Amino acid sequence: MGHVLEIASNSVASALAAQRGGADRIELFDNLAEGGTTPSFGSIALAREELRIPLFVLIRPRPGDFHYDALERELMLRDIQQCRALGCDGVVIGALDADGNVDVPLCRELVRVAGSMQVTFHRAFDAARDLSAALEDVIDLGCQRVLSSGGQASAEAGADTLAALVNQASGRISVMAGAGIKPGNIASVAQATGCRELHASAKGTRRSAMRFQNPALVGLSPDWVATDADEVAALRAALASIA
């Protein structure tokens, strides 16, 4: 089996760029600068209509920590129901209790509502107190994969821990390496960790087409960040070199 390349896409345009570049799967979200939150109904619906590859949607009601109250729980449940109704292939979830353990009761409810959709446990995992224990909890929940950087700022820095997690998982769940994945290191991360799935954002800057820009709006850049198809293609090529 070859390696799976998942691209974190912060818009429908980014998702389509990722598809053009050779991505195997999309994780769709909003608010890239704040670590990602759940995208809008319109974004999910249009992405589902336009994409030919699997679409996973991030279920995260706000930035910040991963300890959620009753209102946020209800919001996540409704967002998952919406994803099911729109025909998404999967959702990306995660929640912790105040002591840094996987919030098993809440996550079990989220997985139940996901139904036949696949479930990825996101990088709330990396914020857990004990990654080995957290992995067993995520496996018991029935998730298909867990996204992790090995508890470090990047997957490259956490490569040894990721390798240990892959060994511990022993095929019971896919450990997907993510954070700081670039064309220049994706192959080495894959080889060092044994991860068969890799997650990257492949970011590039999109320049504004506005000819008029108000000079008084200091600090409000008209440019924005989006997935770059060429960057995705470079990631794909780097992975192909070791497949």
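Residues numbered from 1 in each chain as written. Predicted model: local features only at pLDDT ≥ 70, side-chain atom pairs only at ≥ 80, totals over all residues. Heavy atoms only, no water.

Caption draft 1: Highlighting the overall build of the chain. Across its full length, the chain holds eight helices and 10 strands. Computed over its C-alpha atoms, the radius of gyration of the chain comes to 18 Å, within 12% of the 18 Å expected for a compact globule of 243 residues. In terms of its C-alpha atoms, the chain occupies a principal-axis envelope of roughly 55 × 45 × 35 Å. Here the chain, with 243 residues, has 49% of them falling under the buried criterion. Sequence separation of at least 24 residues holds for 65% of the intrachain contacts in the chain that already meet a minimum separation of 6. (Helix = DSSP H or I, 4+ residues; strand = E, 2+ residues; numbered from the N terminus. Rg over C-alpha atoms; globule rule 2.2 N^0.38 Å. Buried < 20%, exposed > 50% of the residue type's maximum accessible area, 1.4 Å probe, protein only. Contact = heavy atoms within 4.5 Å.)

Caption draft 2: Fine view of the nonpolar core. Counting 66 residues, the largest nonpolar core has Ile7, Ile26, Ile80, Val91, Ile93, Phe121 and Phe125 as its most contacted members. When residues no more than four places from it in sequence are discounted, the contact partners of Ile26 are Glu6, Ile7, Ser9, Ala15, Ala18, Leu51, Ile53, Pro54, Leu55 and Phe56. Counting five residues, the second largest nonpolar core, distinct from the first, contains Ala8, Phe56, Leu58 and Val92. (Core = buried A, V, L, I, M, F, W, Y, C linked by side-chain atoms within 4.5 Å.)

Caption draft 3: Focus on the sheet that holds strand β3 (residues 55-58). Strand order in the closed barrel made by the eight strands is β1-β2-β3-β4-β5-β6-β7-β8, with parallel pairing throughout. The sheet shows a mean angle of 25 degrees between the axes of neighbouring strands, taken without regard to direction. When strand β7 (residues 174-178) meets strand β8 (residues 197-200), the two strands line up parallel, connected through three bridges. Following the sheet pairing, Met176 is matched in β8 by Glu197. The sheet strands contacting helix α1 (residues 12-21) are β1 (4-9) and β2 (25-28), and the helix crosses β1 at an angle near 160 degrees. Running at roughly 165 degrees to β7, helix α6 (residues 159-169) makes contact with β6 (145-148) and β7 of the sheet. (Pairing = 2+ DSSP bridges. Axes fitted to C-alpha atoms, helices over the stretch in contact; angles between N-to-C directions.)

Caption draft 4: Just the side chain of Ser14, in detail. Within the fold, Ser14 resides in helix α1. Overall, the relative accessible area of 0% leaves Ser14 in the buried class. One polar contact links the side chain of Ser14 to the main-chain amide nitrogen of Thr227, over a distance of 2.9 Å. Residues within four places of Ser14 in sequence aside, it is in contact with Ser9, Ala226 and Thr227. (Polar contact = N/O pair within 3.5 Å; in protein donor to acceptor, adjacent residues only side chain to side chain.)

Caption draft 5: Here's a closer look at the packing of helix α5 (residues 131-141) against α6. Close contact between α5 and α6 brings their axes to 11 Å; oriented N to C, the two are set at 40 degrees. Judged by the inter-axis angle, α5 sits oblique to α6. Crossing angle aside, the handedness with which α5 passes α6 is right-handed. Along the contact surface, α5 presents Leu131, Ser132, Leu135 and Glu136, while α6 presents Thr161, Leu165, Gln168 and Ala169. Of the residues assigned to the contact of α5 with α6, the class counts are four nonpolar, three polar and one charged. (Parallel < 35°, antiparallel > 145°, perpendicular 65-115°, else oblique. Left-handed = near helix turned anticlockwise from the far one by under 90°. Nonpolar A, V, L, I, M, F, W, Y, C, P; charged D, E, K, R; others polar.)

Caption draft 6: How the structure looks around the environment of Pro105. Position of Pro105 among the secondary structure elements: in helix α4 (residues 104-114). Sequence separation between Pro105 and Ala95 is 10 residues; the distance between their C-alpha atoms is 9.7 Å.

Caption draft 7: Quick peek at the pattern of salt bridges. This model, assessed by the stated rule, comprises 13 salt bridges. Glu6 is paired through a salt bridge with Arg25; the nearest N and O atoms lie 2.6 Å apart. Residue Glu6 is found in strand β1, and its partner Arg25 is found in strand β2; the two are separated by 19 residues along the sequence. Judged by its relative accessible area of 2%, Glu6 falls in the buried class. A relative accessible area of 7% means that Arg25 is categorised as buried. The partner of Arg78 in a salt bridge is Glu74, with the nearest N and O atoms 2.9 Å apart. Here Arg78 pairs with Glu74, and both are found in helix α3 (residues 70-86), just four residues apart, close to one helical turn. One network of salt bridges, in which partners are shared, links Glu6, Arg25, Arg145 and Glu197. (Salt bridge = Lys/Arg side-chain N within 4 Å of Asp/Glu carboxyl O.)

Caption draft 8: Spatial organisation of the state of the cysteines. Under the counting rule described, the total for this entry stands at zero disulfides. Of all cysteine sulfurs, the one in Cys88 lies closest to Cys83, which takes part in no disulfide; the gap is 4.3 Å. Judged by relative accessible area, Cys83 falls into the buried class, the value being 0%. You can call Cys88 buried: its relative accessible area is 7%. (Disulfide = S-S within 2.5 Å.)

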